[in-house]
Amino acid sequence: GMQSHLQALLSLYKLFCPEQVTITLPGKTKAYFKNSEGPWKAAITAVRQRNQGTSPLSQAVFLGTSQPQSRKRKWNAQLVIPASSTNTNNLKGVREKTHVYLHSTNTSFPVEQLQTFPQLLQNIHRLEFPSQMGSVLTNPLLLHYMNYVKDESIHLRLYYWMGQMLQEECTWCVVDNSNEEEFKSFLGTIYKAECFLQEGFCACEEFLYKTLPLWDGFCCRSEILRLVSWIPLSNFSEIKSYLYDPLAQLFFTSSIFFKCSVLETLRELLQNWLNCNVMQVDSDFSS
């Protein structure tokens with residue numbers, strides 16, 4: 001008999017090619033597939049709003065998803081280490097005990113008290129990452145620690161958090177978002193962290209691949225091109241379709257300044273790839 005997923009698939013076929021589906025389908029079918037035109041409608045609406053200024057918005061769509069419910073939260077709330085980043089009982093004990101107790105091996109060291117690199121070395125096996133992973137981006141000591149600790153869960157936490165933040169705050173995909181300066185600052189923070197770690201973030205790479213086809217080449221231009229320079233080396237077919245093709249469309253229709261900026265970005269991208277490859281060769285040779 002008919003299954004709901006098959007009905008949804010046949011309904012999608014019938015929407016675009018009605019002559020190919022001759023059977024009768026129920027009028028009400030649960031939507032299993034997102035509207036493929038969502039990103040283009042969002043991009044067109046954003047351009048229309050920017051050109052007209054006061055045009056009404058139909059709906060804000062980010063790559064086919066709905067608009068975030070509320071944006072009342074403070075933008076940089078998750079870029080500062082919270083006071084409750086470690087276990088409350090441990091934190092109270094640390095504050096009540098002596099300096100010797102701080103350096104005992106049975107308790108965790110609260111990251112909000114981490115101020116110097118010697119402290120990091122002395123307590124590197126007793127640190128806990130803060131509950132808000134975004135605060136790692138603005139703390140060089142925690143970036144050192146993240147680079148040292150080979151814990152996949154830590155990178156996954158940062159990956160999911162960063163991906164969600166980029167999705168909710170992208171000014172040219174979420175139409176009802178006018179905080180361009182704050183988004184620029186956030187992209188700049190990510191770029192500084194990538195320069196510090198000498199590698200790009202996976203969440204940032206996915207964000208660029210998804211949004212470059214919708215980018216107008218103007219909004220957050222310097223920040224976006226800087227992030228492009230840290231895309232990891234991967235298959236050429238992926239790089240061509242997700243990176244080169246969207247940039248080429250903008251390259252041939254933009255000013256000389258934009259063309260030079262893209263060429264400089266690709267030069268930095270190649271330089272980062274070469275440095276990464278050299279480090280990998282040295283590591284393989286030493287091992």
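What counts and how
- Residues numbered from 1 in each chain as written.
- Predicted model: local features only at pLDDT ≥ 70, side-chain atom pairs only at ≥ 80, totals over all residues.
- Heavy atoms only, no water.
- UniProt positions renumbered as here; feature names shortened; annotations may be inferred.
- Core = buried A, V, L, I, M, F, W, Y, C linked by side-chain atoms within 4.5 Å.
- Buried < 20%, exposed > 50% of the residue type's maximum accessible area, 1.4 Å probe, protein only.
- Helix = DSSP H or I, 4+ residues; strand = E, 2+ residues; numbered from the N terminus.
- Contact = heavy atoms within 4.5 Å.
- Axes fitted to C-alpha atoms, helices over the stretch in contact; angles between N-to-C directions.
- Parallel < 35°, antiparallel > 145°, perpendicular 65-115°, else oblique.
- Left-handed = near helix turned anticlockwise from the far one by under 90°.
- Nonpolar A, V, L, I, M, F, W, Y, C, P; charged D, E, K, R; others polar.
- Phe/Tyr/Trp six-rings, centres within 6.5 Å; stacked < 30°, edge-to-face > 60°.

- As annotated in an unreviewed UniProt entry, the protein is CENPI protein from Hylia prasina.
- As stated in UniProt under Sequence similarities (unreviewed entry), the record for the protein gives "Belongs to the CENP-I/CTF3 family."

### Description of the nonpolar core
Line of reasoning, step 1. Judged by nonpolar contacts, the single largest core of 60 residues is most densely connected at Met162, Trp172, Phe201, Trp215 and Ile224.
Line of reasoning, step 2. For this core, the secondary-structure elements that each account for two or more residues are helix H6 (140-148), helix H7 (152-169), helix H8 (180-197), helix H9 (202-211), helix H10 (221-228), helix H11 (236-251) and helix H12 (256-286).
Line of reasoning, step 3. In terms of residues, this core owes the most to one element, H8, which gives seven residues.
Line of reasoning, step 4. Setting aside anything within four residues of it in sequence, one finds methionine 162 in contact with Leu137, Ile190, Phe201, Ala203 and Cys204.

### Notes on the packing of H8 against H10
Line of reasoning, step 1. The contact between H8 and H10 brings their axes to 9 Å, and the two run at 25°. Taken together, the axes of H8 and H10 are roughly parallel relative to one another. Crossing of H8 against H10: the hand is left-handed. Here Lys184, Leu187, Gly188, Ile190, Tyr191 and Glu194 of H8 lie close against H10, whose contacting residues are Glu223, Ile224, Arg226 and Leu227.
Line of reasoning, step 2. In the contact of H8 with H10, the residues fall into five nonpolar, one polar and four charged.

### Let's talk about the packing of H6 against H8
Line of reasoning, step 1. Across the interface, H6 lies against H8 with an axial gap of 10 Å and an inter-helix angle of 50°. By the angle between their axes, H6 is oblique relative to H8. The two elements H6 and H8 cross, and the hand of that crossing is right-handed. The residues of H8 that touch H6, namely those facing Pro140, Leu143, His144, Met146 and Asn147, are Ala193, Phe196 and Leu197.
Line of reasoning, step 2. Class assignment for the residues of the contact of H6 with H8 results in six nonpolar, two polar and no charged.

### Comments concerning the packing of aromatic side chains
Line of reasoning, step 1. This structure, assessed with the given rule, holds ten aromatic pairs.
Line of reasoning, step 2. Aromatic pair phenylalanine 129 and tyrosine 145: ring centres 4.9 Å apart, planes at 25°, arrangement stacked. A residue pair is termed long-range when its members are at least 10 positions apart, and phenylalanine 129 in the loop between helix H5 (117-122) and H6 and tyrosine 145 in helix H6 qualify at 16 residues.
Line of reasoning, step 3. By relative accessible area, which is 11% here, phenylalanine 129 ends up buried.
Line of reasoning, step 4. A ring pair is formed by tyrosine 209 and tyrosine 242, whose centres lie 5.2 Å apart and whose planes are at 25°; its orientation type is stacked. Of this pair, tyrosine 209 sits in helix H9 while tyrosine 242 sits in helix H11, and the two are 33 residues apart along the sequence.
Line of reasoning, step 5. The class for tyrosine 209 is buried, based on a relative accessible area of 12%.

### Section: unusual backbone geometry
Line of reasoning, step 1. Phi is positive for glutamine 198, close to 60°, though the residue is something other than glycine.
Line of reasoning, step 2. Topologically, glutamine 198 is positioned in the loop between H8 and H9.
Line of reasoning, step 3. Judged by its relative accessible area of 42%, glutamine 198 is partly exposed.
Line of reasoning, step 4. Positioned with a positive phi, cysteine 220 is a non-glycine residue whose angle comes to about 55°.
Line of reasoning, step 5. Relative to the assigned elements, cysteine 220 resides in the loop between H9 and H10.

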